[in-house]
Amino acid sequence: MPGKKLTRRQLLKTGAATAAVLAAPRWVRAQPRPVKLAVLLPLTGPFAFAGAAALEAFQDAVGLVNDELGGIAGRPLELIVEDTGYDVAKGTAAFNRVVNRERPDELLFVYGDSTGLSKALAPEITRLGLPYTATSYSGELADPERYPTIYVFGPTYQDMMEALLREIAARKPGARIALVYSNSEFGRDPIPYVKRRAAALELEIVAEEVTPLVLTDAGPVVLKLQRARADYVLTQGYVATAEPALLKAAREFGFRATFMGTYYSASNALIQRAGPAADGFLATYHNAYWYEVDVPGIRRARAYRRQKGRPNKPMTTYYVGAFFVGLTVAEAMRRAAAANRLSREGVLEALGNLADYDAFGLIHSLRFVRHRLPYTKLYRADARARRYVPYSDWIQLA
Amino acid sequence: MSFFLQLLVAGIATGALYALMAMGFVLVYRATRVVNFAIGEFLLVGGYLTYTLNLVLPLPWAMVLTLPLAFAFGLLVERGFVRPLLGRNVVAVIMATIGLALALDGATQLAWGPDQKYLEGQLPVLTLALGELILPSRSVWSLLLALPAALALVYALKRSRYGVLVRAVAESEVAALAMKIPAPRIVALVWGLSAALAAVGGALLAGLSGVGPHLIAMGLMVFPVAILGGMDSVGGALLAGMLVGVAESLSRGYLEALVPGITEATPFLIVLLVLLARPYGLFGEREIERV
């Protein structure tokens, strides 16, 4: 503007802006490159509740690693999020998008979704040499010869069933067992193993029911179990979607068998949905519940969320499971970096040497045995307290 | 024998629930020829509305008060999605319902969050025991709600003034408008009723397995039931619902051991077989087009 003098304030502003522009390239160059963890989660669809909880957990875990643990040897840990909608085709597309877009020396770990998707991706994951784990505890994935880069961050479904079968054999030798499982990869996964082990433990399988993931009416299923005079009913392949209906129907028909389930039945949602009928349901679970405040990992997560002003609500098992994976993956990356091998191979090597780490008590041990963590506890549903309570100490399964 | 009877009774009760869900769908189809692909989402909205009211009210009251809210939701859908397409090709409205389903999937998640939800309390216990035969309370409620609703709807469509108007609109919307029949209001009423019926189904299902997107999957049972009944027959929906429920129950009882997983396919196999013999379903009106 001709004839107008530059004020001191304008001069200062212009100077600061010029300095910022000139300094920016140097600053950008000085920024360490991030290390990336991609998570493929069911943020929409029938399992959005689990995906949303896992997303919060990964955000908290990554935030905690960057804010309190100094990132990955000074490099920031970056979270990449994709929605799978619990759909194999959509999940595969998300996976391809991520691996094609990201640099292999930055994308060091992928967390996937579901047994179906993980099995579909497994050959490609192996070809890429990409460290991978998933929401799935499928025994097929814990196969170091076939899939050397895939780890199961917990016991497999077979291990979980093993713990339940051992409990049944101890309680009632020769017991009559019924199997109820969903018509899905998730549901079918441990069934052949259960049949073999039941025979070895001299337990009789008297009924086998294959159902959809959700049940409109569990009456006919329960009538058959009752007719087969089952003492124990093992459920698999549901996420508190069918178990409440089964438990309610069992109560209505006066069927008194003990119902049991694996990791995804260990959510308190099962007790809330089934009400008094849930009492006594036995589930395997290998992390910690949000209300187990004596566990340092739970205290740490609670404190971090409080510090960040995040909603103070009870978090689910899906949250704790994902938070545990987030911390553990970061630890493996940190160790790989400390050994000057911050690469996919380095992370895989570090994962195999985490036996002295327990993710702040969120797992019994991180000593992988054939790429899975064969430790679990049994928890019993307490309908009055509306939560699962510990029923056993740690059970070592391999 | 008692096992067979027990399966039969359980199947009838489940079938009543299917019928309840399908009647609203059939009503819309009968009046407007629109296949509402968002019917599963209608159930979901009904479940969430009941859940919300159940936060402050006992379950029976929450279910009762859900009805007017669901009716209003149906009116809203009609006003927002259907009325703007009035007079257009029916395929456009069908496509709009597919879009509506996707929009409702996202909207419910945004509004209520993705967490697993459940209903507190229960309906009054009405379990019936006749010797060895047990009819659980939930089954009794399904029958108590579905049968009167179906009979009332059949009666209303055949005998009442509104029923005649619905049939007139179904026959020809343009002709009905020319006869000064308030077609938009009739169509709105039908959508409101449909949403209210779906809400009852959604609430009953939510009482069993909680509230969440899994209700949409349960809503898919509406399609085989409606097709089997004849798409435009409310009475047909009731009978087809019962038939599908009983077939599923007996299949679970006797066939599942021979062919694991067959029960899931049973309703669709029945539909296929019936359509081969009766292309308009069991009670559907035969349409003859002269060209």
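Because the structure is predicted, anything quoted here is derived from the model rather than measured.

**Student:** Would you mind going over the overall build of chain A in detail, with residue names and values included?
**Tutor:** Helix and strand counts for chain A come out as 13 helices and twelve strands. Counting only C-alpha atoms and orienting by the principal axes, one finds that chain A spans roughly 100 × 45 × 40 Å. Residue burial in chain A is summarised as follows: out of 398 residues, 59% are buried. For chain A, long-range pairs separated by at least 24 residues make up 69% of all intrachain contacts whose partners lie at least 6 apart in sequence. If you sum the accessible surface of chain A, you get close to 16100 Å²; carbon and sulfur atoms cover 52% of it. The averaged location of the 39 negative side-chain charges in chain A is 8 Å from the averaged location of its 52 positive side-chain charges.

**Student:** Any chance you could break down helix α2 (residues 39–54) of chain B for me, citing the residues and the numbers?
**Tutor:** Between its first and last C-alpha atoms α2(B) spans 22 Å; for 16 residues at 1.5 Å apiece the expected length is 22 Å, and the two agree. Among the 16 residues that make up α2(B), 15 are buried, leaving the element largely enclosed by the rest of the structure.

**Student:** Quick one: what's the story with empty space enclosed by the protein, residue by residue and with numbers?
**Tutor:** Residues and elements named next belong to chain A. With the rule as written, the count across this model stands at three cavities of 30 Å³ or more. By volume, the largest cavity is sized at about 290 Å³. Lining the largest cavity are 26 residues; nearest its centre among them are Ala50, Ser114, Thr135, Ser136 and Tyr264. Elements with a minimum of two residues in the lining of the largest cavity: α2 (48–68) and α12 (317–338).

**Student:** Please set out the packing of aromatic side chains residue by residue, giving values where relevant.
**Tutor:** Inspection of every chain in the model, using the stated rule, returns 30 aromatic pairs over all chains. Between the aromatic rings of Tyr137(A) and Tyr157(A), the centroid separation amounts to 6.0 Å while the plane-to-plane angle is 80 degrees, which identifies the pairing as edge-to-face. Of this pair, Tyr137(A) sits in the loop between β4 (132–134) and α5 (157–171) while Tyr157(A) sits in helix α5, and the two are 20 residues apart along the sequence. Neither Tyr137(A) nor Tyr157(A) differs from the other in exposure class; each is buried. Seen from their ring centres, Phe42(B) and Phe73(B) are 5.2 Å apart, and the 70 degrees between their planes marks the pair as edge-to-face. Of this pair, Phe42(B) sits in helix α2 while Phe73(B) sits in helix α3 (residues 59–82), and the two are 31 residues apart along the sequence. Note on Phe73(B): relative accessible area 15%, which makes it buried.

**Student:** Give me the lowdown on the confidence of the model for chain B, citing residues and values where you can.
**Tutor:** On average, residues of chain B score 89 in pLDDT, and 99% of them reach the 70 mark or higher. ipTM for the predicted complex: 0.83, alongside a pTM of 0.87.

**Student:** Mind laying out the nonpolar core, listing which residues take part and the relevant values?
**Tutor:** In terms of nonpolar packing, the biggest core is built from 129 residues, with Met333(A) and Leu362(A) touching the most fellow members. Sort the elements by how many residues they give to this core and α12(A) lands first, with 14 residues. Shared between two domains, this core holds at least three residues of each, these being domain 1 (35–155 + 290–367) and domain 2 (157–285 + 379–396) of chain A. Those residues in contact with Met333(A) that sit more than four places away from it in its chain are Val35(A), Lys36(A), Ile72(A), Leu77(A), Leu108(A), Phe109(A), Leu342(A) and Val347(A). Ala70(B), Leu135(B), Val187(B) and Ile216(B) belong to the second largest nonpolar core, which has 89 residues in total.

**Student:** Which residues make up the interface of chain B and chain A, and what values do they have?
**Tutor:** Taken together, the contacts link 36 residues of chain B with 35 residues of chain A. Carbon and sulfur atoms supply 58% of the area buried between chain B and chain A, which totals about 3100 Å² over both sides. Three residues, Gln116(B), Leu208(B) and Arg252(B), lead the burial of chain B against chain A; their summed loss comes to 24% of the area buried on that side. Scanning the region where chain B abuts chain A turns up three salt bridges. Counting across the interface, chain B meets chain A through 17 residue pairs in polar contact (both at pLDDT 80 or more). Contributing elements (two or more residues each) for the side of chain B that touches chain A: α1 (2–32), α5 (137–159), α8 (183–209), α9 (214–219) and α11 (234–255) of chain B.

Conventions and cut-offs
- Residues numbered from 1 in each chain as written.
- Chains lettered and ligands numbered in written order.
- Predicted model: local features only at pLDDT ≥ 70, side-chain atom pairs only at ≥ 80, totals over all residues.
- Heavy atoms only, no water.
- Helix = DSSP H or I, 4+ residues; strand = E, 2+ residues; numbered from the N terminus.
- Buried < 20%, exposed > 50% of the residue type's maximum accessible area, 1.4 Å probe, protein only.
- Contact = heavy atoms within 4.5 Å.
- Areas by Shrake-Rupley, 256 points an atom, 1.4 Å probe, with all protein chains shown as cover.
- Lys, Arg positive; Asp, Glu negative; His and termini not counted.
- Charge placed at Lys NZ, Arg CZ, Asp CG, Glu CD.
- Expected span 1.5 Å × (residues − 1).
- 1 Å grid on protein atoms, 1.4 Å probe; cavity = no way out; pocket = protein on both sides within 12 Å on 5 of 7 lines; lining within 4 Å.
- Points joined across faces, edges and corners; volume = space filled by probe spheres on them.
- Phe/Tyr/Trp six-rings, centres within 6.5 Å; stacked < 30°, edge-to-face > 60°.
- pLDDT = per-residue confidence, 0-100.
- Core = buried A, V, L, I, M, F, W, Y, C linked by side-chain atoms within 4.5 Å.
- Domains from an automatic or database assignment.
- Buried area = accessible area lost by both parts, 1.4 Å probe.
- Salt bridge = Lys/Arg side-chain N within 4 Å of Asp/Glu carboxyl O.
- Polar contact = N/O pair within 3.5 Å; in protein donor to acceptor, adjacent residues only side chain to side chain.

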